[in-house]
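An overview of the molecular structure
Chain by chain, the residues run as shown.
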Amino acid sequence: MTHPVRAALVGFGYAGRTFHAPLIAACPDLRLEAVVSRQAEAVTEAWPDARTLSSFEAALADPAIDLIVLATPNDLHAAQAEAALNAGKAVVVDKPFTLTAAEARRLAALAEERGLLLSVFHNRRWDADFLTLQALIAEDRLGSVVRFESSFNRWRPEVRDRWREGDGPGAGIWYDLGPHLIDQALCLFGRPLGVTCDLAVMRPGGKATDYAHAVLRYADKRVILHADMVTPAADVRFAVHGALASWLKDGLDAQEDQLKSGLTPGVAGWGVDPRPGVVVDGATGLQEARVGPPGDYPAYYAAIARAIRDGAPNPVPPHEAVAVMEVLEAGLLSAGRRAEILL
């Protein structure tokens, strides 16, 4: 393939408009060829060089499309990814991969059978704070981690009228933010022995889960994942405690806000963390601000282009996304049974 990989973005809601379209367009080896949306005017205004297609089927039938990017409601992911693979297209799916682990495993098998790229947009592997934490662990600055706490909280006391907060399949915070939290934990520590999870609806009038608290049990550590929409002081992001030191981090990665503001991905200052985390030495109590690498969401789509064009590694291969779904599903079972689910 000598031309840029030509992508059709399916869906122009928040995820498609804010994340996928600008990141695809910013990659020299990708081209935002088309957008499947009923918002033709909005698409043309934002991306005048992209064609607007009225149906998903039109994108599948278009020989000019190499890659299908699914930024659609969660309950459509499995069926649309299957259709795209059967049409001979490479596929990127926004998280969550699917609604069930069985669907995820079936898609992974289909992609392998067809010899096609299938990847899931676990973009928060490229958050500045997570890249910093990976570096700290790699250099053994913290020592063996014994407790890992990762929180993704928001202050949204009013229930919004949108599918993510409705009562349909795939709605709720465990499907929305749980995949981010789980994927980062699995990247660092691998598969846990068991999962204990508490899911709840905390807001008056709420229809979907807006509180999630999970404990992943490992032989030598506990991983605590938390997300809710009812925390006024929502700054705490990571508290990681090791045998030598702790690392404490407040504030979210800057890239989402940069994308929302219209900043072009990769420009000067892109992904720079305005609030670096602090390493607290266990022996001395001394605190040291640790400035790590900037966040790099563009790296995901650059890797996707290399994988399709050159056979380079898939940045998020299907088996890793399947593992996330297995933990997510175990969390659902645990919450329903009020018991630990073994993995």
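Scroll up for the structure.
Residues numbered from 1 in each chain as written. Predicted model: local features only at pLDDT ≥ 70, side-chain atom pairs only at ≥ 80, totals over all residues. Heavy atoms only, no water.

1. Section: the layout of surface pockets
Empty space left among the atoms is revealed by rolling a probe the size of a water molecule over them. Of the pockets and cavities examined, the largest pocket occupies roughly 1,200 Å³. Taken together, 50 residues form the lining of the largest pocket, with Gly13, Tyr14, Ala15, Arg162 and Arg164 sitting closest to its centre. Every element with two or more residues in the lining of the largest pocket is listed here: helix H1 (14-26), helix H3 (56-61), helix H4 (77-86), strand E7 (145-153) and helix H9 (255-260). Of the residues in the lining of the largest pocket, the class split is 19 nonpolar, 14 polar and 17 charged. Here the second largest pocket defines a volume of roughly 170 Å³. If you trace the second largest pocket, you find it lined by Arg17, Thr18, Pro22, Trp47, Leu259, Lys260, Gly262, Leu263, Thr264 and Pro265. At the level of elements, H1 and H9 are the ones that each hand at least two residues to the lining of the second largest pocket. Broken down by element, the lining of the second largest pocket gets its largest block of residues, three residues, from H1. Taken together, the residues of the lining of the second largest pocket sort by class into five nonpolar, three polar and two charged. (1 Å grid on protein atoms, 1.4 Å probe; cavity = no way out; pocket = protein on both sides within 12 Å on 5 of 7 lines; lining within 4 Å. Points joined across faces, edges and corners; volume = space filled by probe spheres on them. Helix = DSSP H or I, 4+ residues; strand = E, 2+ residues; numbered from the N terminus. Nonpolar A, V, L, I, M, F, W, Y, C, P; charged D, E, K, R; others polar.)

2. Side note on empty space enclosed by the protein
Under the definition given, this model contains three cavities of 30 Å³ or more. Approximately 70 Å³ is the volume attributed to the largest cavity. Elements with a minimum of two residues in the lining of the second largest cavity: helix H6 (128-138) and strand E12 (245-250). No other element matches H6, which puts three residues into the lining of the second largest cavity. Across the lining of the second largest cavity, the residue classes break down as four nonpolar, three polar and four charged.

3. Details of the pattern of salt bridges
Considering all chains together, one arrives at 27 salt bridges under this definition. With its nearest N and O atoms 3.1 Å apart, the salt bridge here joins Arg6 to Asp66. Remark: Asp66 occurs in the loop between H3 and strand E4 (67-70) and Arg6 occurs in strand E1 (residues 5-10); sequence separation between them is 60 residues. By relative accessible area, Arg6 is classed as partly exposed at 22%. In this structure, the salt-bridge partner of Asp235 is Arg275, at a minimum N-O distance of 3.0 Å. Placement of the pair is Asp235 in the loop between strand E10 (222-228) and strand E11 (236-242) and Arg275 in the loop between H9 and strand E13 (277-281), with a sequence separation of 40 residues. (Salt bridge = Lys/Arg side-chain N within 4 Å of Asp/Glu carboxyl O. Buried < 20%, exposed > 50% of the residue type's maximum accessible area, 1.4 Å probe, protein only.)

4. So, the packing of aromatic side chains
The way to describe two aromatic rings as a pair is by their centre distance and the angle between their planes. Enumeration over the complete set of coordinates arrives at eleven aromatic pairs. Look at Tyr300 and Tyr301: their rings are 5.2 Å apart centre to centre, the planes differ by 80 degrees, and that puts the pair in the edge-to-face class. Here Tyr300 and Tyr301 have matching classes, each one buried. Among the aromatic residues, those joined into a cluster by ring pairs are Tyr14, Phe19, Phe121, Trp126, Tyr297, Tyr300 and Tyr301. (Phe/Tyr/Trp six-rings, centres within 6.5 Å; stacked < 30°, edge-to-face > 60°.)

5. Overview of the sheet that holds strand E6 (residues 118-121)
Strand order across the open sheet formed by six strands is E3-E2-E1-E4-E5-E6, with parallel pairing between neighbours. Of all strands in the sheet, those bounded by a partner on one side alone are strand E3 (51-53) and E6. Strand-to-strand twist across the sheet, computed as the mean angle between neighbouring axes with direction ignored, equals 25 degrees. Taken together, the four bridges between E4 and strand E5 (residues 90-94) define a ladder with parallel strand orientation. (Pairing = 2+ DSSP bridges. Axes fitted to C-alpha atoms, helices over the stretch in contact; angles between N-to-C directions.)

6. Examining the side chain of Lys89
With respect to the element layout, Lys89 can be found in the loop between H4 and E5. One buried charge, Lys89, has no salt-bridge partner; the nearest side chain with opposite charge is Asp62, at 6.2 Å. Of note is the side chain of Lys89, whose polar atom sits 2.7 Å from the backbone oxygen of Ile65. Every residue in contact with Lys89, bar those within four places of it in the chain, is listed here: Ala59, Leu60, Asp62, Pro63, Ile65, Asp66, Ile68, Ala84 and Leu116. (Lys, Arg positive; Asp, Glu negative; His and termini not counted. Polar contact = N/O pair within 3.5 Å; in protein donor to acceptor, adjacent residues only side chain to side chain. Contact = heavy atoms within 4.5 Å.)

7. Quick word on the nonpolar core
Within the largest apolar cluster, 102 residues are counted, with the highest numbers of intra-cluster contacts made by Leu67, Ile68, Phe97, Phe148, Leu225 and Tyr301. Of all the elements, helix H11 (residues 318-337) adds the most residues to this core, at eight residues. (Core = buried A, V, L, I, M, F, W, Y, C linked by side-chain atoms within 4.5 Å.)

8. Points about the packing of helix H8 (residues 178-189) against H11
Where H8 meets H11, the closest approach of the two axes is 9 Å, and the angle between their N-to-C directions is 120 degrees. Here H8 lies oblique to H11, going by the angle between them. Our pair here, H8 against H11, has a crossing hand that is right-handed. Listed contacts from H11 to Pro179, Ile182, Asp183 and Leu186 of H8 are Ala323, Val324, Val327 and Leu328. Split into classes, the residues belonging to the contact of H8 with H11 amount to seven nonpolar, no polar and one charged. (Parallel < 35°, antiparallel > 145°, perpendicular 65-115°, else oblique. Left-handed = near helix turned anticlockwise from the far one by under 90°.)

9. Some remarks on helix H5 (residues 101-114)
If you check H5, its first and last C-alpha atoms are 20 Å apart, about what 14 residues at 1.5 Å a residue would give, namely 20 Å. Restricting attention to buried positions, one finds in H5 the residues Ala101, Ala104, Leu107, Ala108, Leu110 and Ala111. Where the residues of H5 are buried, they touch H4, E6 and H11. Phi turns positive one or two residues past the end of H5, at Gly115, with a value near 65 degrees. (Expected span 1.5 Å × (residues − 1).)

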